[in-house]
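# Chains, contacts and geometry: an overview
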Amino acid sequence: MEKIISIKNLTYTYPDSKTPAINDLSLDIYKNEWLSIVGKNGSGKSTLTKLIDGLIEADSGTIVIDGEVINEENIWDARTKIGIIFQNPDHQFVGATVEDDVAFGLENQGMPREQMVKEIDRALDLVKMSDFKTRDPQSLSGGQKQRVAIAGVLATKPQIVIMDESTSMLDPDGRKKVLDLVQKLRQEQDLTIISITHDIEETELSQRIVVINDGKIVQAGTPSSIYDIGPHLTKFGLEEPFSSQLVQTLRNSVKLPEGYLNEEELKEQLWKLHSSM
Amino acid sequence: MDKIILGRYLPGDSLLYHLDPRGKFLLTFYFVGIVFLANNGASYAFLLAFVIFAVYLSKINFGFFIKGLRPVFWLILFTVALQLLFTPSNNPIWHWGIFTFSKDGLVIAGYIFMRFVLIIFISTLLTLTTTPIEISDSIESILKPLKKVNFPVTQVALMLSIALRFVPLLVDETTKIMDAQRARGVDFGEGGLIKRIKSFVPILIPLFVSSFSIAYDLAIAMESRGYKDGEGRSKYRVLKWEKRDTLTILFMLGLTVILLFLRSY
């Protein structure tokens, strides 16, 4: 697998703090994978996003993006390869209307208008928001605003999309739509997705999970291997996935297979038990 | 908060909506200027006829314009009363102490009232038919020559459009904070003036804090989308000057000529 981001011995301490927010962290991220970075509030996960995008400068360590070591000179090039969807849909909507907002990133690149018109239509079509092109943000739901934010990011054709708690302010329906959309786009547009969250339930669609605590990676693996250690996740301030909690409780009274079971698998097992009774 | 008609866009579709905002913007100011040229009944009647014609062209319900008068109602009343009672005259109808009520005063008060109505109607017409972003675009376009003296026109225009974009968000934020304070027992509608003003302090401070945090988030989001310093940016919104815009200007010039004829010297 081809590496798209390679982080080595990264350390960062906020100016007014004694303990480092990111502490000697190394991580490789591969092309087209969906990596989830989970951790409780203050674990350093959002700091990591800002470091990757060069919005803050690391104290030591290196970040390589698409084969290039990031420094002050090439950070603007690197940024065109990365798109970030932030947490609050209202705080990242720059334009007065949907189309203006999608145009913002393209305007920054100095793209000629005729080309912009095409790119905006393409991006809005990808997120199924073409019908809302001339609407103002006030008339959109949170989920719709996040889809516009995704369109704004996709318009500039990035290789990496970072979702920094992008779904934490959405209702369950809006969240599911956004996550499914991201999954579909990852496959169709050959994107690398890094999603940052404190909600373990949101990591289901990812291929790999990295658990961060106190600026360090404490666990890494596939979703099922992480869910497997369920009860230990609470040690890092995370909640155990619901199905994992349920399995733990059920094991006291009924016999269930070893290892993690997702909701579907659990349902299957319960049906089996029911029919053998 | 939502009663203010002045400065609010009303979605619609008529000739006035399709005119170039730069033309509309400049002509509105031009009209406000020529209102002061009128000095007799005929010229005021002529300008009123024009404004009513423009309102008719906009296809907007007349009620919106009446509502536009509401915020300045007391100002109009005060000014008109001042003219009515203090205009010096040789043949007063009624005279008491410093107060004089005369036919001259009545006429002048009428003119002043007309001026207010004309100016407010025409500026309401501009804001009802032009989106805030179009107004900010026209300001940018009109200020463009200032670029030569290193005035940051594009940055100021972006600032203006972001400010406009965040007004509704800050209104929402204020309502939220007020509700939160009310839930803790703050009563905003009671007590004397001083007490009422004081009760706004617990709104303003959280509002300041949250606007700074919004500004910080927005700055990070803008930077991550490649915004540097406003140089080398292209523009998605373009304004197109058409024949009808030139015709509108000519029409206004014709109007000025007639007005000059109607004016008494």
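Keep in mind that this is a model prediction, so the values were computed, not measured. (Residues numbered from 1 in each chain as written. Chains lettered and ligands numbered in written order. Predicted model: local features only at pLDDT ≥ 70, side-chain atom pairs only at ≥ 80, totals over all residues.)

Our next topic: the overall build of chain B. Assigned secondary structure in chain B consists of 11 helices and two strands. Along chain B, helices (α) and strands (β) appear in the sequence α-α-α-α-α-β-β-α-α-α-α-α-α when read from the amino end. In terms of overall dimensions, chain B has a C-alpha envelope of 70 × 60 × 40 Å along the principal axes. Here chain B holds 265 residues, and 18% of them are scored as buried. Long-range contacts, defined as pairs at least 24 residues apart, comprise 75% of the intrachain contacts of chain B with a sequence gap of at least 6. (Helix = DSSP H or I, 4+ residues; strand = E, 2+ residues; numbered from the N terminus. Buried ≥ 20, exposed ≤ 12 C-beta atoms within 10 Å, placed from the backbone. Contact = placed C-beta atoms within 7 Å.)

Let us look at the domain arrangement of chain A. Residues and elements named next belong to chain A. By domain assignment, chain A separates into domain 1 (3-239) and domain 2 (241-276). Domain 1 and domain 2 are separated by 33 Å when their C-alpha centres are compared. Opposite the seven residues of domain 1 that make contact, domain 2 presents six residues. In terms of residue class, the side of domain 1 that touches domain 2 is built from three nonpolar, two polar and two charged. (Domains from an automatic or database assignment. Nonpolar A, V, L, I, M, F, W, Y, C, P; charged D, E, K, R; others polar.)

This part takes up the UniProt feature "transmembrane region" (unreviewed entry) in chain B. Residues and elements named next belong to chain B. The feature "transmembrane region" (unreviewed entry), as given by UniProt, occupies residues 29-57, 69-86, 106-128, 149-171, 203-224 and 245-262 in the numbering adopted here. Between the first and last C-alpha atoms of residues 29-57 the distance is 19 Å; the span itself is 83% helix and 0% strand. Regarding residues 245-262, the helix share stands at 100% and the strand share at 0%, and the terminal C-alpha atoms are separated by 26 Å. (UniProt positions renumbered as here; feature names shortened; annotations may be inferred.)

What follows concerns the packing of helix H4 (residues 113-126) of chain A against helix H5 (residues 142-155) of chain A. Residues and elements named next belong to chain A. Relative orientation of the contacting elements H4 and H5 amounts to 135°, with a least axis distance of 8 Å. Judged on the interaxial angle alone, H5 and H4 are oblique. The handedness of the crossing between H4 and H5 comes out as right-handed. Where H4 approaches H5, its residues Glu 119, Ile 120, Ala 123, Leu 124 and Leu 126 are matched on the opposing element by Ala 151, Leu 154 and Ala 155. Looking at the contact of H4 with H5 residue by residue, the class counts come to seven nonpolar, no polar and one charged. (Axes fitted to C-alpha atoms, helices over the stretch in contact; angles between N-to-C directions. Parallel < 35°, antiparallel > 145°, perpendicular 65-115°, else oblique. Left-handed = near helix turned anticlockwise from the far one by under 90°.)

As a further point, take the packing of helix H2 (residues 21-35) of chain B against helix H6 (residues 103-129) of chain B. All names here are of chain B. Following both chains from N to C, one finds H2 and H6 inclined at 180°, their axes separated by 10 Å at the closest point. By the criterion of interaxial angle, the relationship of H2 to H6 is roughly antiparallel. Side by side, H2 and H6 meet where Lys 24, Phe 25, Thr 28, Phe 31, Val 32 and Val 35 of the first sit next to Arg 115, Leu 118, Ile 119, Ile 122, Ser 123 and Leu 126 of the second. Along the lines of polarity and charge, the residues of the contact of H2 with H6 split into eight nonpolar, two polar and two charged.

Residue and element names in this part refer to chain A. The six strands lie next to each other as E6-E7-E8-E3-E9-E10, forming an open sheet whose pairing is mixed. Looking at which strands have only one partner, the edges of the open sheet turn out to be strand E6 (82-85) and strand E10 (216-221). The sheet shows a mean angle of 20° between the axes of neighbouring strands, taken without regard to direction. The pairing of E6 with strand E7 (residues 160-164) spans four bridges and is parallel. Note on E7: the bridge partner recorded for Ile 85 is Met 163. Lying over the sheet, helix H1 (residues 45-52) contacts strand E3 (34-38), E6, E7, strand E8 (192-197) and strand E9 (208-213), oriented at roughly 150° with respect to E7. (Pairing = 2+ DSSP bridges.)

Our next topic: unusual backbone geometry. All names here are of chain A. Here the phi dihedral of Asn 32 falls at roughly 65°; this positive angle occurs in a residue that is not glycine. Mapped onto the fold, Asn 32 is located in the loop between strand E2 (22-30) and E3. One non-glycine residue, Glu 165, lies in positive phi territory at about 55°.

The subject of this paragraph is the sheet that holds strand E1 (residues 3-12) of chain A. Residue and element names in this part refer to chain A. The strand order across the open sheet built from four strands is E2-E1-E4-E5, with neighbouring strands paired in antiparallel fashion. What marks the edges here is a single partner per strand, and that holds for E2 and strand E5 (68-69). In this structure, E1 lies alongside E2, joined through six bridges in antiparallel fashion. Looking at the pairing, Leu 10 lines up with Leu 25 of E2. Contacts between H1 and the sheet are confined to E1, E2 and strand E4 (60-65), with E1 contributing the most and set at about 115° to the helix.

What follows deals with the confidence of the model for chain B. All names here are of chain B. Averaged over chain B, the pLDDT score is 87; the fraction of residues at 70 or greater is 97%. Segment residues 1-6 is flagged for pLDDT under 50; beyond a separation of four residues in sequence, or across chains, it makes 11 contacts in the model. ipTM for the predicted complex: 0.83, alongside a pTM of 0.78. (pLDDT = per-residue confidence, 0-100.)

To continue, consider the interface of chain A and chain B. Across the boundary between the two partners, chain A contributes 27 residues, which contact 25 residues of chain B. Elements that contribute at least two residues to the side of chain A that touches chain B include exactly helix H2 (75-81), helix H3 (98-109) and H4 of chain A. Broken down by element, the side of chain A that touches chain B gets its largest block of residues, seven residues, from H3(A). Here the residues of the side of chain A that touches chain B are counted per class, giving 11 nonpolar, 10 polar and six charged.

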